[in-house]
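Given next are the chains, with one letter for each unit.
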Amino acid sequence: DLCERNFKTYFINSDTEVKSRDEIHHFDYHRKTKRITHSFLPNEHPVKIVLTSGASCPDTLVDRVLLKFLNFFPEAKKVEGVLSQF
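The structure contained in this document is the topic of the report that follows. (Residues numbered from 1 in each chain as written. Predicted model: local features only at pLDDT ≥ 70, side-chain atom pairs only at ≥ 80, totals over all residues. Heavy atoms only, no water.)

1. Side note on the pairing of strand 1 (residues 23–28)
Argument step 1. Pairing analysis gives six bridges linking strand 1 to strand 2 (residues 33–38), with the strands arranged antiparallel. Pairing of Phe27 across the sheet is with Lys34, part of strand 2.
Argument step 2. With antiparallel pairing between neighbouring strands as the criterion, strand 1 and strand 2 make up a hairpin whose turn holds four residues, including Lys32 at a positive phi of roughly 60°. (Pairing = 2+ DSSP bridges. Helix = DSSP H or I, 4+ residues; strand = E, 2+ residues; numbered from the N terminus.)

2. What to know about the environment of Arg5
Argument step 1. Secondary-structure assignment places Arg5 in the segment before strand 1.
Argument step 2. By relative accessible area, Arg5 is classed as exposed at 65%.
Argument step 3. Separated by 80 residues in sequence, Arg5 and Gln85 have C-alpha atoms that sit 32 Å apart. (Buried < 20%, exposed > 50% of the residue type's maximum accessible area, 1.4 Å probe, protein only.)

3. Brief notes about the environment of Thr33
Argument step 1. The topology assignment puts Thr33 in strand 2.
Argument step 2. Residues Thr33 and Phe7 lie 26 residues apart in sequence; the distance between their C-alpha atoms is 20 Å.
Argument step 3. In contact with Thr33, not counting residues within four places along its chain, are His26, Phe27 and Asp28. (Contact = heavy atoms within 4.5 Å.)

4. Quick word on the packing of aromatic side chains
Argument step 1. Taken as a whole and judged by the stated rule, the model has five aromatic pairs.
Argument step 2. Both rings, one in Tyr10 and one in Phe40, keep their centres 5.7 Å apart while their planes meet at 75°; by these two values the pair is edge-to-face. Of this pair, Tyr10 sits in the segment before strand 1 while Phe40 is found in the loop between strand 2 and helix 1 (59–71), placing the two residues 30 residues apart along the sequence.
Argument step 3. The rings of Tyr10, Phe40, Phe69 and Phe72 are connected pair by pair, giving a single aromatic cluster.
Argument step 4. The positively charged end of Lys32 is found above the aromatic ring belonging to Tyr29, 3.9 Å away from the centroid. (Phe/Tyr/Trp six-rings, centres within 6.5 Å; stacked < 30°, edge-to-face > 60°. Lys NZ or Arg CZ within 6 Å of the ring centre and 35° of its normal.)

5. Quick look at the pattern of salt bridges
Argument step 1. Scanning the entire structure with this criterion turns up four salt bridges.
Argument step 2. Measuring nitrogen to oxygen at the nearest pair gives 3.4 Å for the salt bridge that ties Asp15 to Arg64. Of the two residues, Asp15 is situated in the segment before strand 1 and Arg64 in helix 1; the sequence distance between them amounts to 49 residues.
Argument step 3. A residue is classified by how much of its surface remains accessible, and Asp15, at 15% relative accessible area, is buried.
Argument step 4. Residue Arg64 is classed as partly exposed on the basis of its relative accessible area of 41%.
Argument step 5. Close ionic contact of Asp28 with Arg31 constitutes a salt bridge, the shortest N to O distance being 3.1 Å.
Argument step 6. Connected via shared salt-bridge partners are Asp28, Arg31 and Arg35. (Salt bridge = Lys/Arg side-chain N within 4 Å of Asp/Glu carboxyl O.)

Listed below in structure tokens is the structure:
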């Protein structure tokens with residue numbers, strides 16, 4: 001709900017709902033229906049994506065969603081390189 005105030009949001013249950021760079025299957029929380037949205041990623045560079053999850057969401061699920069999005073942006077920094085700084 002907090003993110004919806006400033007961003008387009010998509011409620012998904014797994015990385016498999018991100019079908020491609022152009023298509024996402026998501027749950028419309030307000031209408032209580034499943035939806036398919038095309039052209040959901042902004043056309044700006046760099047693209048900023050915020051991932052959030054609830055406390056009961058497994059970290060591996062968030063990781064799979066993150067990696068799926070990174071595959072759409074081959075120019076993005078590699079996860080290993082970013083994590084090596086910590």
